[in-house]
Structures are given as C-alpha cells and as structure tokens.
Amino acid sequence: MALTKEISQQLQDIANRLRINSIRSTNAAKSGHPTSCASMAEIMAVLFFRTMRYSIDKPRGASNDRFILSKGHAAPILYAAWAESGLFPVEDLLNLRKIDSDLEGHPTPRLNFVDVATGSLGQGLSIAAGMAYVGKYIDKAPYRVYCLIGDGESAEGSIWEALSFASKYKLDNLVAIFDVNRLGQSEPTAFGHDMQLYKARVETFGFNAIVVDGHDVQALVEAFDQASQIKDRPTAVIAQTFKGKGLTDEIEDKVNWHGKPLGDKAEAIIAQIQSRISTPKTTLKPESPIVNVPDVDLSVRLVEPPNYTIGQKVATREAYGTALVKLGKSCPRVIGLDGDTKNSTFSDTYRKTFQDRFIECYIAEQNLVGVAIGAGCRRRTIPFVSTFASFFTRTFDQLRMGAISQANIKCVGSHCGVSIGEDGPSQMALEDLAMFRAIPNSLVFYPSDAVSVERAAELAAQYHGITFIRTSRPATPIIYSNDEIFAVGKAKVVRSSKNDQILLIGACVTLLEAMNAADLLAKNHNIQARIIDPFTIKPIDRETIIKNALEAGGRIITIEDHYPEGGIGEAVAGVIADIPNIVMKRLAIREIPRSGPPSVLIEKYGIDAKTIVKMALEMIEKK
C-alpha cells in the first residue's frame, strides 16, 4: 500500500527521533550501541507505528503482535520506540544502564514490554518461532510475531535451526527481519552486503524472502504488507542497512564504532539529525489487535494418582510419559516437545494421546529449548521439553538466558549416567545435575521410582520457572506407595532405626545400591544404615539431612551416577559445610566411562553396593 507523503514523512521523522534518543541515552550512560541502533531506525519506526497491532496499555497482552529484538545490544532503540509510543516518558531513557533502572544494557522481562532477555546472540528467532507456533496451532489467533536479527548473529547455527523449524511448520505468522548492516563487532561480517546470498539461503530453507532497502520506509511498509498476505510460509525481510546510518560520514558504515557512545560528537550529530525532522510529534498510533485473545488457565494436576505395585519394575523415563498424559488431561495447555528421541524419553506416549499438543523439533536441541521458551511466553502454555539429558548440555546458553527471561519450561532428561550401559560415554549424562543446579531459580528433581516421577512432573508443572527432571533408562522397582506425598525440597527417609551408624544418600539406581548395601551391612557386619532419597537435588533438604546424619553417627556417604562436580555429593557437602561432628565421603563417576552392561559399569566405577559397604566399614572403624 502506497503511503501518503505525510505518513511517509512522519515515519521517517520517528526513525530520526529514535536515532536521537538512542544517542542521548547511550551518551548519558557513557556506554551502549548507538550505531547498531541507527541501522534499524526505519525498521523500528515502520514496525511500531505502521505494521504491528498492539495495545500500549497492555504491552504483553495476549492479543498483541509480538516483537523479539534478537540483537539485544540495540536495546536503546527498543526503549526509544516504546517511549515514542507513549508507554513511558522519553526523559526516562536517560536512565539507561543505571543500577536503579530497568532499562538495562540488554532487554530483560523486568520491563513490561519485553518477553524474553536477549543479548546472547542467535536465540531470538527460535523463541519467536515458539510464539508463532502457539499463535497458529494452539491459540489459533491472528497475532503475528516479528523478530529482528543482526547479520552478525546470523552466523549462529541456532538461527538456521529456527529457520528450518519455522518452514517445516509453515509459520506464516512469523517474520524474520535481518538487519544486514555489514559490520560486526570487530570487523566486517562474513558476507557483507551480498543481499542475494542471504536471499538464496533463506529461500532454500523455505522462506518467502524479500530484499529491501532498510532505510526506505515505503519499501519496508510494502514488505511487511506482503508478508501479511503470504500463506503457509514464513517471511524473511532482508534489509540492507548501514551501521551508524544518519550520524556522520565519519561514523556511518565505518569499523571501530561498535559499542561506543558518541561522546563529544553527540550534540552536533543530534542537531544535524534534528534539522531533518519536520513533524515535532507524530499523530501515528498503533492499531488495536484484530481479536481479543483470552487469557488461559494454567492450573494443572495429575488427573489420577500413580497406579503401581510395590516391587513392580518400571523405568522412570517410562513413568514420565504416563505422568505427562495425566497432566495433559487436566490442562489443555500442557504441550510436549522433543528432539527426535520421543520413543526413548517416552514423550511419545503424550504424542499418541494429544497429537495436536506435541511439537517434534528434530535433532536441533538449541532450537528445541528456544521454541519451548517462546511457547511458554505470556503464560500461553506449560511446555515440557524432553531429550537425552546429555544433549541438554549444548543448550546451556539457552537455559542460562531462559532464567534471565523468567522462562517457564520443564526439561526432562533421560539416559543418565553409566546405568544406560552399552551406548557408552557420549550418551551418558554425567554433568546434567551440575548444569541445571547452576541455573538461577531452577528446581532439580531426581526421582527414584515411577511414583515419585509422576509427582515430580506434577510439581514441576505447577512451578513457574525452569525445572529439570532426571530420568533413568533401567527398569527399577517401585518403592513408594501410590498415595505417598512429595514436596519440593523435602527428602524421603527410606530406611531408619534407632541403631543406625551411617547415613547413605542416593537416588534411583544408586538408591537401590544403597539399599542393597544396607542389607549387606546388617547381614554380614551387624551394622545398621539409614538411607535418604533426596527427591530434589535443588533445593536440597538441609534439615532432614543434618538431623538424620547426626542421628546416624555423624557419617554420610553419597552415591551418585554422575561426575563428582555439581551433583548430589556437592549439594550435600554444601549443606553440612558449617556443621561440626559430621564427616562425609562421596562415591561418584571419577573418570570417563566405557561401554558395557549397566551392572558391570556400576561396579567398575565404584557406585555399587560392595563399594558402599567397604567405604562404610572404613568410616565406622576410623570414627
């Protein structure tokens, strides 16, 4: 649609005001990225004042179009756009990067108009794709999702994972905008202004690709209008821009200006930009959303209790699939995501029951987690994300940023430790507890049987934040009754007596080894051992551990199918560090393991019952 000269001029003037306010805010902060903001000024003006539909009163309202600034270092122009829209006073932009301001160096959801934290590059498009998937297939609503990506960050593989995903699922409500300004942080980008190369690449991934002059408001309006008419394909708007556009010849399209405020040059540059503005204040306002999308109820529970028999052998990974179906029956907003491991993680159980609430993300784990983060935004769904626990290690950056984003995702990792057996060390998760424990505000569950898995899944679903449930491959016996009550941060005392001389702490396969060891100690040495199942490794149950350790002679052995760093042993050590009269030994996997039968590996790496007995005898004799 052709613009009138008046509207075209207003949009260009808005772009220049955004430039000015980006310069002023970064100069006040004495840090920031004004040149990165300048390259995208016209894009932001057209998106926020011509293309997107949203309510200023409810910036994160369910009905609104969504915008993700993947190149998070350009935060000042995002803040400037919202100030220009009237959400908050323009003067507040001068508080950029101050300790008492939420206008941080990169966007975070402390701000009511930001969905996710960005700044670790390459993650925005996966998140946007998750939002778009929910919009098209779950909300079935007309809101659209726009993601602005820097050309430098397009070198990240996660961008291409997201392009593949968006095309596979025909996300025609998604627009990826590439700000191709030619310059990275330290030197020109790999492909400069080769716009046809960018176009050919995204077209190969199945996108509708539009190359446009990123500083031409008319061309941008036409590109976004065309994108809104495309069906069954996402659109990529590939905008040729210049870093520092409109500042001065000394700065525009020049290296060595990344991440630098303009300093003494600022006022003269602002005056020059101001001279190009003919409308002091715009009359353009965002259009309202097309329909009112209702809020959803995320109340969730198991629709029926666990149904097992004591002693029955069930793999905890299998119980996860059962639990997820029960949660899905109680809440239609529970969704499952997997990375082509669903027949091993047992998320396939959910897919078979709720095909329209399951997203296969294929072997692209970074995108898998990013999509889940996007799907959980604005409290639209409760995403459960499953794969082998070892493969979550490649998503650590997404999880780290997810924590900053206040993301609500439930990670479930199977095939933990040497107990998986013959597949060997590449498949054995031995670092996963350490990784997830390091995520701020996370919950880490390590259930020991099918009953506790179901309750862990229920508790995880009810918690708003990042959770991890560690599940195992071997079938293990049911040890809890179906009506057993579980709580976050509350351990279970599995075995105790008045004559206990040592406390054994293990989970799942090592809890069974601890129980076998306790039998051997009693039978062969007349020594009673107390046993604790921690259930959650974060938070760990400090009170129960200390109380029972003191009652059991002040001796603890932890046993874990995990490397020593960051697992059960270190969690327990942190609890007792300031408690006198307690000594502790740790059994863990202390070298890179080999392939072999699970029982052989458990014995070889010293987390078996015989090794526990030997260590217990040594501790009791020494004490």
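Calculation rules
Residues numbered from 1 in each chain as written. Predicted model: local features only at pLDDT ≥ 70, side-chain atom pairs only at ≥ 80, totals over all residues. Heavy atoms only, no water. UniProt positions renumbered as here; feature names shortened; annotations may be inferred. Helix = DSSP H or I, 4+ residues; strand = E, 2+ residues; numbered from the N terminus. Buried < 20%, exposed > 50% of the residue type's maximum accessible area, 1.4 Å probe, protein only. Polar contact = N/O pair within 3.5 Å; in protein donor to acceptor, adjacent residues only side chain to side chain. Contact = heavy atoms within 4.5 Å.

Going by an unreviewed UniProt entry, the chain carries the name transketolase and comes from Dermatophagoides farinae. Taken from UniProt, the Subunit (unreviewed entry) comment for the chain reads in full: "Homodimer." Under the Sequence similarities (unreviewed entry) heading, UniProt states for the chain: "Belongs to the transketolase family."

Chemist: Describe the side chain of Arg-470, naming the residues involved and giving the relevant values.
Modeler: Turning to its location among the elements, Arg-470 is positioned in strand S12 (residues 467-470). Look at Arg-470 and you get buried, because its relative accessible area is 0%. One polar contact links the side chain of Arg-470 to the main-chain carbonyl oxygen of Ala-429, over a distance of 2.9 Å. In terms of polar contacts, Arg-470 uses its side chain to reach the side chain of Tyr-446, at 3.0 Å. Not counting the four nearest positions on each side in its chain, Arg-470 is found in contact with Gly-413, Cys-416, Gly-417, Ala-429, Leu-430, Asp-432, Leu-433, Phe-445, Tyr-446, Pro-447, Asp-561 and His-562.

Chemist: Give me the environment of Thr-282: which residues, what numbers.
Modeler: Mapping Thr-282 onto the fold places it in the loop between helix H9 (266-274) and strand S6 (313-315). Exposure remark for Thr-282: the relative accessible area of 8% places this residue in the buried category. Expressed as a C-alpha distance, the spacing of Thr-282 and Leu-47, which sit 235 residues apart in the sequence, is 15 Å. Discounting residues that sit within four places of it in the chain, Thr-282 has contacts with Gln-10, Ile-14, Arg-17 and Glu-84. Within polar-contact distance, the side chain of Thr-282 engages the side chain of Gln-10 at 2.7 Å. Among the polar contacts listed, one links the side chain of Thr-282 to the backbone nitrogen of Leu-284, at a separation of 2.9 Å.

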